[in-house]
Amino acid sequence: MISRLTGYAACACVSAALLIGCGGGGNSPTGGFAPPPPTAPKDAQSNLNIQQTQDIAPQNVTHYYVVNLGTLGGSAGAGNSINNAGWASGLSKPGAGTNLHATLWIGGHAVDLGTLGGPNSGVGWPVKNTRGELVGISDLAQTDPLNEHFCGFGSPNLCAGFEWKNYTLTPLPTLGGNNSFAAGANDSGNIAGFAETATHDAACGAPQVLDYYATIWNANGRPRELAPENGDAISQAVSINNNGAAAGASGDCGPPNNNGFGTNHALKWRPDGTPVDLGTLGGTLSNIGTAVNDNGDVIGQSGLPGNTAYHAFFWRHGAMTDLGTLPGDLTSEALGLNIRNQVTGYSCDVNFNCRGFISQHGTMTDLNLLVSNSQLYIVYAGDINDRGWIVGQAVDMSNGTAPAVLLIPAQGAFTPSMRIASKIALPESIRLQMRNN
């Protein structure tokens, strides 16, 4: 699971947009929270400096307000990133078709980030930049001559990582090949992702033809290659912290949105580019570091012995800890990490009925147990910021749609909803989405 965005995109299970009402949690407790408009990054920089010691989630949170994020016109969405300014981003269906567009939800509005000429785009990983920039991937107008399907949207187009600011998408260069992929960005303007070289590798698994390496693009857009673990063919980075450390994976060459390739070793790259093998939970596949915080701690997923399942992990000071699963589940993956080491992600049973979780102080909790009177069933929790705000995807049990959601910490009296006394059977489209993840 290196490109979770494309797993979701393949089924078009996405929806996103307006902060206009809570799914049973009452009105938004933010009092009309409206971060600075994305058109003024200079002003945004002065206004988005969140006080790290005063504005983060309290330790005695008992439940969450659930905000149903609207859409760009379609029926589904995915929230994959939230920074410390409250900018939520991901991807959304702009209409009744199957195309997807990268989406920003800010100040009560949904912003369609557009594409680089092709039909699809998206923000697929947590982007922690608070200076008015986002990164993601987009189809280009041109067809890929090697037919690699690098973005994973299912289209035949070339794929490019992009940087977005001032309502402008700028493609990021490759390492000499055809495709690039942008995943994370820090406050220095450094972008983490991966890019193809010009090397045709006969050992690549189809449809991949070219090798690709984890890449850091600096503030001027110049790419720097990050080496894989010794003996591995390719590498991929999906997160970068403000100190310049990155997280990702390396392994055998193959399509980056396929669990069987590129995930032999979960890695953290030091700021100088040196790879550090994070170890495994016993398996040789499905190993990836998905996020690194400013403390240098890393989360991700790792295969279990026999490679029949994988679990979320937390890594610190050379030790990988198995976060386990929710009761009765087989697999889990950690996706979001904040400075307090609160971890979010998903946990699934053998049939890929999944539910979002938060893990803190060594305890994993089903987020559906922390919301009340909501028709929204939390399928996964894609990211968490230092204030404890969580974004992800839910199923609206009243109409079967799959909107992006925002969860805002609350305090005080709380009665769990009786509707979630047991897990629900998810729609087949959602289970297929998670299976392809």
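Not measured: the values here are computed from a predicted model.

Q: Honestly, the overall build of the protein chain in this entry has me stumped. Any pointers?
A: For the protein chain, the count of helices and strands is 3 helices and 29 strands. Burial statistics for the protein chain: of 437 residues in total, 61% are counted as buried. The contacts in the protein chain between residues at least 6 apart in sequence include a share of 55% that link residues at least 24 apart. For the protein chain, the accessible area works out to roughly 14900 Å², and carbon and sulfur atoms hold 49% of it.

Q: What exactly am I supposed to notice about the confidence of the model for the protein chain here?
A: Low-pLDDT stretches of the model should not have their predicted coordinates read in fine detail. Per-residue confidence for the protein chain gives a mean pLDDT of 84, with 81% of residues at or over 70. Across residues 1–59 the pLDDT falls below 50, and counting only partners more than four positions away or on other chains, this stretch makes 192 contacts in the model.

Q: Whenever I open this one, the state of the cysteines confuses me. Can you help?
A: Note: disulfide means a covalent bond formed between the sulfur atoms of two cysteine side chains. Under the counting rule described, the total for this entry stands at 3 disulfides. A sulfur-sulfur separation of 1.9 Å characterises the disulfide bridge that pairs Cys204 with Cys253. For the disulfide bridge between Cys204 and Cys253, the dihedral angle about the S-S bond is near 75 degrees, and by the sign convention the bridge is right-handed. Of this pair, Cys204 sits in the loop between strand E12 (191–200) and strand E13 (210–217) while Cys253 sits in the loop between strand E16 (246–251) and strand E17 (265–269), and the two are 49 residues apart along the sequence.

Q: Quick question: what am I supposed to make of the nonpolar core here?
A: When a protein is soluble and globular, its nonpolar side chains tend to lie buried together. Counting 27 residues, the largest nonpolar core has Trp125, Ile137, Phe150, Phe181 and Tyr346 as its most contacted members. Every element with two or more residues in this core is listed here: strand E11 (180–185), strand E15 (234–240), strand E24 (343–348) and strand E27 (376–384). Counting residues in each nonpolar core, the second largest holds 24 residues, with Trp87, Ala102, Leu104 and Trp164 among its members.

Rules of the game
Residues numbered from 1 in each chain as written. Predicted model: local features only at pLDDT ≥ 70, side-chain atom pairs only at ≥ 80, totals over all residues. Heavy atoms only, no water. Helix = DSSP H or I, 4+ residues; strand = E, 2+ residues; numbered from the N terminus. Buried < 20%, exposed > 50% of the residue type's maximum accessible area, 1.4 Å probe, protein only. Contact = heavy atoms within 4.5 Å. Areas by Shrake-Rupley, 256 points an atom, 1.4 Å probe, with all protein chains shown as cover. pLDDT = per-residue confidence, 0-100. Disulfide = S-S within 2.5 Å. Core = buried A, V, L, I, M, F, W, Y, C linked by side-chain atoms within 4.5 Å.

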